Each structure stands twice: as structure tokens, then as C-alpha cells.
Amino acid sequence: MSTIFVPRETQSGELRVAATPETVKRLVKEGFAVEVAAGAGEAASFADDDYQAAGATVAAGGSAWPAADVVLKVAPPTPDEARALRAESLLISFLAPHKNLDAVQALAERRVSALAMELIPRITRAQPMDALSSQASIGGYKAVLVAAARLGKYFPLLMTAAGTIRPAKVVIMGAGVAGLQAIATAKRLGAQVEVSDVRAAVKEQVQSLGGKFIELPMQESGEGAGGYAREMGEDFLKKQREIVSRHVAGADVVITTAQVPGKRAPVLLSREMVESMRRGAVVVDLAVDSGGNCELSQPDREVTHDGVHVLGFTNLPATMPEDASTLYARNVLALLLSISKGGVVTLDLADDIVGPTLLTHAGEIRHQPTAAALAAGSAAR
Ligand code: NAD
């Protein structure tokens, strides 16, 4: 029987937890022994008593790290947390490896098998484990709510005795998982929604949600591998900014979610475009963690420029910790169930989910871009 430990998250602003009483109950039923750090679920509204009732033991302090066979986390471990793991144990977590090279190095040195939730391939069998999607959807939803709360105007059309209020105009850039949820949420609040994306496949999805698709002069396809976007050249991005700027100038809210895997996020909203917007307008940049879609956005800050409020969020899903944890914990559970039997984990490196998701194993860094970044870092030292 393997022992699972669920620590309390330590990263600032990380209010989620990697297991909920619901998933603990299932893990215990499968034959795992589960230990949860005292208060681990508190910020997400899950009480220690509920974990105990689900069959977990609740541990005070951090002593459970070195005893556990499996550790479940949300945010990447710090290098110290990575070193606290038992040698050859299993870690399941978001790992953001490009930003956490020291922790990755420590995981490899401890010969930890680290499954990175962001590396789960987007194949049909892995859909229940797709934490990028479950969390991005929350980010898109919350971005609209944050924008609506910051905007000094209504979203819906209102006919009142004091006259008519026009509906808010919302422009959404990037119609992936977060963007589609943002469209649906903004429409439900009654806004008019316009959308820009470089993948042709998106147009129909946007229209089916009631959004208006902004046509771009695509010389070549914006589709990249695995359903993601390709990195577009600066000439294209310049033309895109010209076209989109007409829509942005009339917008009350702009929400940007455009990303290209492994690359800096494209700059879609220049300083001049922000300056063309009306005073009181709101920009929410969800790509700020990968460089930002807006030239003026800053991580987890509000910048007011010419009366326009530019908000950059690095971790909006964590601001809705209860449902974010519920979904993330189910993603983790699905992964754990797929690699275990009777509470014992067996890693099959040839498996089409385990293979690409395993970042470190047996002292090796298996994810090539991360191994290359670490090698480049040590060459520079
Ligand atoms: P993402 O976070 O990498 O990017 C968000 C959006 O930004 C994408 O739609 C992308 O096309 C867009 N974008 C990139 N450059 C742009 C630019 N210059 N201008 C405007 N938009 C730009 O993507 P994501 O949300 O993680 O998902 C991308 C796709 O993968 C979606 O179509 C989604 O439906 C699909 N998906 C498939 C599965 C599966 O098959 N299991 C699971 C999840 C997502």
C-alpha cells in the first residue's frame, strides 16, 4: 500500500489544494493511505474534519514529506520542498519547469518521479486529467467577473425610466479554453462580444457562443501542433494589431488570453491601443505570466494608464479555490487511478500519458526543453 501526502500550499496567493475530501475518499477506497497536512484545505473551504471523515489522517507540521510514497501538490515545489521528498518517491503537481529550474534539479537529484500536470497530452484518454483546461476555464470566467466589477458601467442593455443604457462592448483575444469561457460568461452578463484568434477552427465555436469573430488576413494557418496556436511573425502581429485596434478603441473591456506553448505570449495590445480606449475601460491580461498580451500589464498589479485600468493576473484560478480545487483534485485523481492498482503505483514509461508527462525519473530530466535550459544555465555559470 502506498502512502499519499497532501501538503498545505506555501506559494503566496495559492489557495488551492491538490486533494479534496471527495478524492481522498476514493483514494482510500482504492487502498491508498492518505495523510493531509493540517489546514491544507482551509483556504479552499475544506475542513480537516472532512478529510478525516473521508478516511485521511491529518498531520501537523511538515514531517510527512519524507515518509510519503506519493506527494500531491498544486503549485510547483520550492527547491527545499523538492529536497524534502523521499528519494525515488512520486510527485504530482504543476511544475512550471522553465521557471523552476532549481527545483527540477533538486527533484532529479532526489531521483523523484515528477509528473507535471501541464505536460499531460491533450489526447482523448487524458481529458479527465486535463488540469490546464479545468483551471483555464475558471480563469476565463473569473476574468469577466473581475472586469465587470472594475468597470463603472453595466454589462447588459437596460431600458430604464431614466433612459437607455447601452450594453458593454467586450473584446476577447485568444479563444482557447479560457477565452471561450470568457465569451460565454460575458454573453450571459449581456455584453456584446467580439473575438480575435489565429486558429480558423475557432470561428465557429465563437459564433456558437454568440460572439462576433474578427476576421484576420491569414496568409498561412495559425494552427500549430496539438490543437495549439503557432507563433506568428512580427509582420502578422503588426497587421493584427492594426485590424483589432478599431475594435479595441470602442471597447469597454478587453480580455486577453492568447498564448503560444513554450514561447513568449504575443503582444496584441500596444500602449497606443490602450491610449485609444475610453477612460474607465478595463483590460484584463491573463497571459501576463508568459510576458503579457498587453504592453502595459504587470504581474498581479493594476496599472492605470490614461484612465484605462490594466489588470494582470498570474493565478486567477486560485481566487476561486473551492471549485478550482474540486476540479484539479479530480484531474489528479484520474491520473493517479490510471497509474495504480490496489493502492500501488506502477509507472509505465511507454504509456502515452505517463511518457510525456514524466518530467524527472530515476535521476534523469526527461523533458527535453527543460534539460536543455538547465544545460544552458550550467554552461553559463
Ligand atoms: P492556449 O492557452 O495555448 O492559447 C489560448 C488561445 O490563444 C488559443 O486559442 C490560441 O489560438 C490563441 N492565440 C495564440 N496566438 C494568438 C494571436 N496572435 N492572436 C489571437 N489569439 C492567439 O490554448 P488553450 O486554451 O490551452 O487550448 C488551445 C486549443 O486546444 C483549444 O482549441 C482547445 O479546445 C484545445 N484543447 C483540446 C483538448 C483535447 O483535445 N483534449 C483539451 C484542451 C484544449
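Heads up: the structure comes first, above all this text.
Model, not experiment: these values are computed from the prediction. (Residues numbered from 1 in each chain as written. Predicted model: local features only at pLDDT ≥ 70, side-chain atom pairs only at ≥ 80, totals over all residues. Heavy atoms only, no water.)

Novice: What is the right way to look at the overall build of the protein in this model?
Specialist: When helices and strands are counted, the protein shows 12 helices and 19 strands. On C-alpha atoms alone, the protein measures out to a radius of gyration of 22 Å, which is about the 21 Å that the 2.2 N^0.38 rule sets for 381 residues. Dimensions along the principal axes, computed over C-alpha positions, put the protein at roughly 65 × 55 × 35 Å. By residue count, 50% of the 381 residues in the protein fall in the buried class. Here the protein has roughly 16,900 Å² of accessible surface; of this, 52% comes from carbon and sulfur atoms. Here the protein carries 38 positive and 42 negative side-chain charges, and the mean point of each set is 5 Å from the other. (Helix = DSSP H or I, 4+ residues; strand = E, 2+ residues; numbered from the N terminus. Rg over C-alpha atoms; globule rule 2.2 N^0.38 Å. Buried < 20%, exposed > 50% of the residue type's maximum accessible area, 1.4 Å probe, protein only. Areas by Shrake-Rupley, 256 points an atom, 1.4 Å probe, with all protein chains shown as cover. Lys, Arg positive; Asp, Glu negative; His and termini not counted. Charge placed at Lys NZ, Arg CZ, Asp CG, Glu CD.)

Novice: What should I look at first to understand the packing of helix 5 (residues 131–150) against helix 6 (residues 177–188) in this one?
Specialist: To characterise two packed helices, one gives the angle between the axes of the helices and the distance between these axes. Between helix 5 and helix 6, the shortest axis-to-axis distance is 7 Å and the interhelical angle comes to 40°. Comparing the axis directions of helix 5 and helix 6 gives the class oblique. Where helix 5 crosses over helix 6, the two elements pack in a sense that is right-handed. Residue-level contacts link Ser133, Ala136, Ser137, Gly140, Tyr141, Val144 and Leu145 of helix 5 to Val177, Ala178, Gln181, Ala182, Thr185 and Ala186 of helix 6. (Axes fitted to C-alpha atoms, helices over the stretch in contact; angles between N-to-C directions. Parallel < 35°, antiparallel > 145°, perpendicular 65-115°, else oblique. Left-handed = near helix turned anticlockwise from the far one by under 90°. Contact = heavy atoms within 4.5 Å.)

Novice: Whenever I open this one, the site of the ligand confuses me. Can you help?
Specialist: Inspection of the region around the ligand gives 23 residues, with Arg122, Val177, Asp197, Arg199 and Gln240 positioned closest. A distance of 3.1 Å is found between an oxygen atom of the ligand and a backbone nitrogen or oxygen belonging to Gly176. Contact with the protein chains covers 84% of the free accessible surface of the ligand, which is 840 Å². Taken together, the residues that form the shell around the ligand break down as 10 nonpolar, nine polar and four charged. (Near = heavy atom within 4 Å. Polar contact = N/O pair within 3.5 Å; in protein donor to acceptor, adjacent residues only side chain to side chain. Nonpolar A, V, L, I, M, F, W, Y, C, P; charged D, E, K, R; others polar.)

Novice: Mind showing me how you'd approach the environment of Thr370 here?
Specialist: Topologically, Thr370 is positioned in helix 12 (residues 368–380). In this structure the C-alpha to C-alpha distance between Thr370 and Gly222, which are 148 residues apart in sequence, comes to 25 Å. Beyond its immediate stretch of four places on either side in the chain, Thr370 contacts Pro97, Leu101, Val104, Leu359 and Ile365.

Novice: What am I meant to see in the pairing of strand 6 (residues 113–116) here?
Specialist: Across a regular strand the side chains alternate sides, sitting on one face of the sheet and then on the other. Burial along strand 6 is two-sided: the face carrying Ser113 and Leu115 and the face carrying Ala114 and Ala116 are both buried. With respect to chirality, the unit in which strand 5 (residues 90–93) leads through helix 4 (residues 101–109) into the neighbouring parallel strand 6 is right-handed. Strand direction decides the pairing type here: strand 6 and strand 18 (residues 358–361), joined by two bridges, are antiparallel. Across the sheet, residue Leu115 finds its bridge partner in strand 18, namely Leu358. (Right-handed = clockwise from strand over helix to strand, strands pointing away. Pairing = 2+ DSSP bridges.)

Novice: Teacher, can you tell me more about the sheet that holds strand 1 (residues 3–6) here?
Specialist: As a general point, the strands of a sheet are linked pairwise by backbone hydrogen bonds and lie either parallel or antiparallel. Strand order in the open sheet formed by eight strands is 3-2-1-4-5-6-18-19, and the pairing between neighbours is mixed. Edge positions in the sheet fall to strand 3 (57–59) and strand 19 (364–365), since each of these pairs with one other strand and no more. Across four bridges, strand 1 lies against strand 2 (residues 33–37) in parallel orientation. Its bridge partner being in strand 2, Ile4 is matched across the sheet by Val34. Along the sheet, helix 1 (residues 21–30) contacts strand 1, strand 2 and strand 4 (70–72); its crossing angle with strand 2, the most-contacted strand, is approximately 150°. The strands touched by helix 10 (residues 321–338) are strand 1, strand 4, strand 5 and strand 6; relative to strand 5, the strand with the most contacts, the crossing angle is about 145°.

Novice: Please clarify how the side chain of Asp130 should be interpreted in this entry.
Specialist: Tracing the backbone shows Asp130 in the loop between strand 6 and helix 5. You can call Asp130 buried: its relative accessible area is 14%. A polar contact of 2.7 Å, which involves the side chain of Asp130, links it to the side chain of Ser133. Those residues in contact with Asp130 that lie beyond four places of it in its chain are Arg122 and Asn331.

Novice: How should I be thinking about the pairing of strand 14 (residues 302–305) in this particular structure?
Specialist: Only one face of strand 14 is covered, namely the one carrying Val303 and His305; the face carrying Glu302 and Thr304 has none of its residues buried. Two strands pair when backbone bridges link them, and strand 14 and strand 15 (residues 308–312) are joined in this way by four bridges, in the antiparallel orientation. Counterpart to Thr304 in the pairing with strand 15 is His309. Where strand 14 folds back on strand 15, the antiparallel hairpin that results is connected by two residues, among which Asp306 adopts a positive phi of roughly 50°.

Novice: Help me understand the side chain of Ser270, please; the structure alone is not making it clear to me.
Specialist: Structurally, the position occupied by Ser270 is in the loop between strand 12 (253–256) and helix 9 (271–275). If sequence neighbours within four positions are ignored, Ser270 has contacts with Arg241 and Glu295.

Novice: What is the right way to look at helix 4 in this model?
Specialist: Every α-helix carries 3.6 residues per turn, so stepping three or four residues along brings you back to the same face. Residues Ala103, Val104, Ala106, Leu107 and Ala108 constitute the buried set of helix 4. Arg111 occupies a position one or two residues after helix 4 and carries a positive phi of about 55°.

Novice: How do you make sense of the sheet that holds strand 9 (residues 169–173) when you look at a structure like this?
Specialist: The seven strands lie next to each other as 11-10-9-12-13-15-14, forming an open sheet whose pairing is mixed. With one partner strand each, in any of the chains shown, strand 11 (212–213) and strand 14 form the two edges of the open sheet. Summarising the sheet, strand 9 and strand 12 pair through four bridges and their orientation is parallel. Across the sheet, the residue bridging to Val171 is Val254, located in strand 12. Running at roughly 155° to strand 13 (residues 282–285), helix 5 makes contact with strand 12, strand 13, strand 14 and strand 15 of the sheet.

Novice: Hey, could you run me through the packing of helix 1 against helix 10 in this one?
Specialist: Orientation of helix 1 relative to helix 10, taken along the N-to-C sense of each, is 15°, at an axis distance of 9 Å. Our classification of the angle between helix 1 and helix 10 gives roughly parallel. Both helix 1 and helix 10 take part in a crossing whose hand is left-handed. Contacts between helix 1 and helix 10 involve Glu22, Thr23, Arg26, Leu27 and Glu30 on the former and, on the latter, Ala329, Arg330, Leu333, Leu336 and Leu337.

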